[in-house]
Amino acid sequence: DDLQAVIWWKKAASQGNPKAETSLGNMYLQGRGGLWNSFIEAMKLWESAAAKNDSLAQLQLAVSYRNGRIASEQNFELGLEWLIKSAEQGNIDAQSYLGHSYLTGQGVEKNYVKALKWLTEAANGGHSDAQYHLGMMYFTGTGVQENKKIAKVWLKKAIQQGNEMALIFYPNNE
């Protein structure tokens with residue numbers, strides 16, 4: 001139950017446990033477990049956990065700074081720093097987000113080499129959106145040599161995980 005979780009996370013967070021700080025920050029963000037909805041408290045906890053190399057807290061901060069909805073102001077540079085730190089630790093959500101950012105130029109200069117690197121990392125880790133985007137890079141020849149065979153492999157993997165965009169694009173899965 002959320003209330004019990006908050007009690008234990010508060011105890012562990014007060015002792016500096018980064019996983020507890022991240023989880024408690026998420027509870028503040030959502031206003032769960034008897035906590036009021038507080039972006040400020042969530043950010044404080046995530047910053048503490050991120051400084052201790054918690055990749056989920058780093059991703060939370062990255063998203064918060066990049067979209068400006070939670071952080072006091074949008075800050076793509078700071079968001080990118082946290083996103084890279086999280087991705088470098090193997091967080092496949094961060095890797096996929098970072099790869100897609102480089103692919104589309106969202107908050108960064110387009111860089112297909114970096115897009116390919118991070119999307120491949122995330123796709124190999126089983127991230128269906130990364131598998132879809134990687135498949136589309138190969139299908140269209142965006143930043144890579146066009147290769148329908150490789151595209152098909154990645155799109156099939158994405159479809160097997162229920163990725164709707166891959167299914168829409170490649171409905172026959174043959």
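Note that this is a predicted model, so its numbers are computed, not measured.

### A short note on the packing of helix α5 (residues 76–88) against helix α6 (residues 92–104)
With their axes 8 Å apart at the nearest point, α5 and α6 run at an angle of 130° to one another. One way to sum up the angle between α5 and α6 is to call them oblique. Every pair of crossing elements has a handedness; the one defined by α5 and α6 is left-handed. Contact residues: α5 offers Leu80, Leu83, Ile84, Ser86 and Ala87, while α6 offers Ala94, Gln95, Tyr97, Leu98 and Tyr102. Classifying every residue of the contact of α5 with α6 gives eight nonpolar, two polar and no charged.

### Comments concerning a nonpolar patch on the surface
On the surface, Leu3, Ile7 and Trp8 cluster together to form a nonpolar patch covering roughly 330 Å² of accessible area. Inspection of the secondary structure puts leucine 3 in helix α1 (residues 2–14).

### Section: unusual backbone geometry
One non-glycine residue, asparagine 53, adopts positive backbone phi at about 70°. Residue placement: asparagine 53 occurs in the loop between α3 (39–51) and α4 (55–67).

Parameters and conventions
Within every chain, residues take consecutive numbers counted from 1 along the sequence as written. Totals for whole chains, interfaces and linings use every residue, but because this is a predicted model, local features are given only for residues with pLDDT of at least 70 and side-chain atom pairs only at 80 or more, for both listing and counting. Here the side-chain values reflect all heavy atoms present in the structure, with hydrogen atoms and water set aside. In this analysis, axes come from line fits to C-alpha atoms, helices being fitted only over the stretch in contact, and the angle between any two N-to-C directions falls in the range 0 to 180 degrees. Strands here are runs of E lasting at least two residues and helices are runs of H or I lasting at least four, both read from the DSSP assignment and numbered beginning at the N terminus. Oblique is the label for any angle not covered by the other classes, which are roughly parallel (under 35 degrees), roughly antiparallel (over 145) and roughly perpendicular (65 to 115). Crossings are sorted by hand: turned counterclockwise from the far helix by less than a right angle, the near helix makes the crossing left-handed, and turned clockwise it makes it right-handed. Contacts are assigned to residue pairs that have any heavy atoms within 4.5 Å of one another. When residues are sorted by character, Ala, Val, Leu, Ile, Met, Phe, Trp, Tyr, Cys and Pro go into the nonpolar class, Asp, Glu, Lys and Arg into the charged class, and all the rest, Gly among them, into the polar class. To count toward a patch, a residue needs a relative accessible area above 30% and no salt bridge. Like charges then connect within 9 Å, nonpolar side chains (Val, Leu, Ile, Met, Phe, Trp, Tyr) within 5 Å. Accessible surface is estimated by sampling points in the Shrake-Rupley manner with a 1.4 Å probe; for residues, cover comes only from the protein chains shown. We count a salt bridge whenever a side-chain nitrogen from Lys or Arg sits within 4 Å of a carboxyl oxygen from Asp or Glu.

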